[in-house]
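# Structural features, examined
The primary structure of each chain is shown beneath.
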Number of protein chains: 2
Amino acid sequence: MNIEHVLPSDIEKRSMEIIEEELGEIELSSEKRSIIKRVIHTSADFDYARTLRFSSSAVERALQALRQGCTIITDTNMAYTGISQVALKKLNCQKMCFMADPDIAAQAKTAGTTRASACMDRACKVKGPVIIAVGNAPTALLRLDELVRAEKIQPVLVIGVPVGFVNVVQAKEVIIKTGVPYIIAVGRKGGSNIAAAICNALLYTLTRK
Amino acid sequence: MNIEHVLPSDIEKRSMEIIEEELGEIELSSEKRSIIKRVIHTSADFDYARTLRFSSSAVERALQALRQGCTIITDTNMAYTGISQVALKKLNCQKMCFMADPDIAAQAKTAGTTRASACMDRACKVKGPVIIAVGNAPTALLRLDELVRAEKIQPVLVIGVPVGFVNVVQAKEVIIKTGVPYIIAVGRKGGSNIAAAICNALLYTLTRK
């Protein structure tokens, strides 16, 4: 197998062509297709073409919010790091992650919960429209469900792609029933990289025209 | 499907039990098994039990280097962020990533290569033993092969788990032939999260006894 000679600037384009080719026919809007392609680009896992679920108008409403400026809140510093600062800046948007804040650890300990769950309580205090991107902790989604039902927060979009084996499948099912706009990867798979890829796909739809 | 009641502090333990159960019999040392389990923990993808390859004594030599203090160099800030700072500190080790340095962008432009490739040239200047962890850019592995052959760098271990569609499979095959100790995920799959998970599995083997 020989090395393909591709210019650095063309690697992503060539990757997307290969993904497009192997993905074949799926009936989806171009925006949803962009999201699925970017998730496959970041994972080389075509399972996501099958497992990514979008609530009605979720993508359109998220794009609208990003156009007007909003805050993306992640559950991990890895997801935070993966979201394009250049694209956020172009749109006057910002990203936040509270995971490493000392008061979050203290609050989680007091409440007998996870830091990720405490981060969702903290997210309620953020002014303006928010997108919540969860790539790691199902406990964040479960707490978010409670907070949305109690009308403490009304996210523009919940990206629910935690990965794992304990309550991950269940937490995603819970969010699908919560009544918030969502992009969910059903099943066990997901991750901080997947959460960041979905955010970037949305951002690039607006910034890379 | 009901929510399992698991204490926050027990979620990882319970996850590892489920992975252990589903993984079944594989003939591996406990250290390699720990690495595979942590990679599955971070991806929910059992493919890695099949695709992770270890060169002879790679794990033992990496553990030895970490015990004596060494530097882990990553190709992305996401992988960098994912590596446990707490564990590194306990072992007097450190992590580095040059990706966002302005001079790296300039060097890559001049050389007509990628920033990840330029980062490997920069890695040659780091004093003391180094582990190179590549979760994203196959071009980093291809440059690393050249630098090792030219005796510019002699990594204790190369973690070669870039993800993608252009030269990813090939770059991993190249590193297997380079003659450096390696942990490689053959095929297209990998990622910054996988690179960080392998580093953390090594670190936790020493710090979580």
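Details of the structure are given in the entry above.
My aim in this report is to walk through the structure given alongside it, one point at a time. As the structure is a computational prediction, the values presented were derived from the model and not from experiment. (Residues numbered from 1 in each chain as written. Chains lettered and ligands numbered in written order. Predicted model: local features only at pLDDT ≥ 70, side-chain atom pairs only at ≥ 80, totals over all residues. Heavy atoms only, no water.)

On a plain count of helices and strands, chain A comes out with eleven helices and six strands. The globule rule puts the C-alpha radius of gyration for 209 residues at 17 Å, and the 17 Å found for chain A is close to it. For chain A, the C-alpha atoms occupy an extent of roughly 55 × 35 × 30 Å along the three principal directions. Put simply, 64% of the contacts in chain A that link residues at least 6 apart link residues at least 24 apart. (Helix = DSSP H or I, 4+ residues; strand = E, 2+ residues; numbered from the N terminus. Rg over C-alpha atoms; globule rule 2.2 N^0.38 Å. Contact = heavy atoms within 4.5 Å.)

With an RMSD of 0.0 Å, chain B superimposes on chain A once it is rotated by 180 degrees and translated 0.0 Å along the axis. Given the turn and translation reported, the copies of this chain are related as if by a two-fold rotation axis. Among all residues of chain B, the one whose C-alpha sits closest to the rotation axis is M78(B), at a distance of 2.6 Å. A shared interface surface links the copies, since 100% of the contact residues of chain B are contact residues in chain A too. (Least-squares fit on C-alpha atoms with pLDDT ≥ 70 in both.)

What follows concerns the packing of helix α2 (residues 30-43) of chain A against helix α11 (residues 192-207) of chain A. Residues and elements named next belong to chain A. The N-to-C vectors of α2 and α11 enclose an angle of 140 degrees; their axes lie 8 Å apart at closest approach. Put simply, α2 runs oblique to α11. The hand of the α2/α11 crossing is right-handed. Contacts from E31, S34, I35, R38, V39, T42 and S43 in α2 reach N193, I194, A197, I198, N200, A201, L202, Y204 and T205 in α11. (Axes fitted to C-alpha atoms, helices over the stretch in contact; angles between N-to-C directions. Parallel < 35°, antiparallel > 145°, perpendicular 65-115°, else oblique. Left-handed = near helix turned anticlockwise from the far one by under 90°.)

Bringing the pattern of salt bridges into the picture now. Taken as a whole and judged by the stated rule, the model has 30 salt bridges over all chains. A salt bridge links D47(A) to R50(A); its shortest N-O distance comes to 3.6 Å. A residue is classified by how much of its surface remains accessible, and R50(A), at 56% relative accessible area, is exposed. Two residues, K13(B) and E17(B), come together in a salt bridge whose shortest N-O distance is 3.7 Å. Within this pair, K13(B) and its partner E17(B) are both found in helix α1 (residues 11-23), separated by four residues, close to a single helical turn. Among the charged side chains, a network of salt bridges with common partners joins D45(A), D47(A), R50(A), K189(A), D45(B), D47(B), R50(B) and K189(B). (Salt bridge = Lys/Arg side-chain N within 4 Å of Asp/Glu carboxyl O. Buried < 20%, exposed > 50% of the residue type's maximum accessible area, 1.4 Å probe, protein only.)

A word on the sheet that holds strand β1 (residues 52-54) of chain A. Residues and elements named next belong to chain A. Across the sheet, which stays open at both edges, the six strands sit in the order β1-β6-β5-β4-β2-β3 with mixed pairing between neighbours. Each edge of the open sheet is held by one strand with a lone partner, namely β1 and β3 (94-97). Direction aside, neighbouring strands of the sheet carry axes that sit 15 degrees apart on average. Direction of pairing for strand β5 (residues 157-160) relative to strand β6 (residues 182-185): parallel, over a ladder of three bridges. In the strand pairing of β6, V158 is matched with Y182. (Pairing = 2+ DSSP bridges.)

Before going further, it helps to examine the packing of aromatic side chains. This model, assessed by the stated rule, comprises two aromatic pairs over all chains. Look at F165(A) and F46(B): their rings are 6.1 Å apart centre to centre, the planes differ by 85 degrees, and that puts the pair in the edge-to-face class. Residue F165(A) is located in the loop between β5 and α10 (168-178), and its partner F46(B) is located in the loop between α2 (30-43) and α3 (48-51); the two belong to separate chains. Classification of F165(A) by relative accessible area gives buried; the value is 8%. For F46(B), a relative accessible area of 25% puts it in the partly exposed group. Residue placement shows R208(A) over the ring face of Y204(A); its charged tip is 3.7 Å from the ring centre. One Lys or Arg, K95(B), reaches over the ring of Y80(B) and ends 4.6 Å from the middle of that ring. (Phe/Tyr/Trp six-rings, centres within 6.5 Å; stacked < 30°, edge-to-face > 60°. Lys NZ or Arg CZ within 6 Å of the ring centre and 35° of its normal.)

Before going further, it helps to examine helix α1 (residues 11-23) of chain A. Residues and elements named next belong to chain A. An ideal rise of 1.5 Å per residue puts 18 Å on 13 residues; α1 measures up with 18 Å between its terminal C-alpha atoms. Listing the buried residues of α1 in full gives S15, M16, I18, I19 and L23. Looking straight down α1, one finds that the buried residues subtend no more than 160 degrees of arc, so they occupy a single side. Within α1, the exposed residues directed more than 90 degrees away from the buried face are K13 and E21. (Expected span 1.5 Å × (residues − 1). Arc of directions from axis to C-beta.)

The next thing to look at is the interface of chain B and chain A. Contacts between chain B and chain A engage 43 residues on the former and 43 residues on the latter. Across the interface of chain B and chain A, roughly 3,300 Å² is buried in total on both sides, 70% from carbon and sulfur atoms. By the criterion of area lost to chain A, the three top residues of chain B are M78(B), F165(B) and V166(B), representing 23% of everything that side buries. At the junction of chain B and chain A, the tally comes to four salt bridges. With its nearest N and O atoms 3.8 Å apart, the salt bridge here joins D45(B) to K189(A). At the boundary of chain B and chain A, one finds eight residue pairs in polar contact (both at pLDDT 80 or more). Those elements giving two or more residues to the side of chain B that touches chain A turn out to be α1, α2, α5 (77-82), α9 (138-149), α10 (168-178) and α11 (192-207) of chain B. Top element by residues in the side of chain B that touches chain A is α1(B). It accounts for six residues. Looking at the side of chain B that touches chain A, its residues break down into 18 nonpolar, 18 polar and seven charged. (Buried area = accessible area lost by both parts, 1.4 Å probe. Polar contact = N/O pair within 3.5 Å; in protein donor to acceptor, adjacent residues only side chain to side chain. Nonpolar A, V, L, I, M, F, W, Y, C, P; charged D, E, K, R; others polar.)

With that out of the way, let us pick up the pairing of strand β6 (residues 182-185) of chain B. Residue and element names in this part refer to chain B. Both faces of β6 are covered, namely the face carrying Y182 and I184 and the face carrying I183 and A185. Both strand β1 (residues 52-54) and β6 contribute to a ladder of three bridges, which runs antiparallel. In the strand pairing of β6, L52 is matched with A185.

It is worth spelling out the state of the cysteines at this point. Residues and elements named next belong to chain B. With the rule as written, the count across this model stands at zero disulfides over all chains. Distance from the sulfur of C70, which forms no disulfide, to the nearest cysteine sulfur (C93) is 4.7 Å. The class for C70 is buried, based on a relative accessible area of 4%. Unpaired in this structure, C119 has its nearest cysteine sulfur neighbour in C97, at a distance of 5.8 Å. (Disulfide = S-S within 2.5 Å.)

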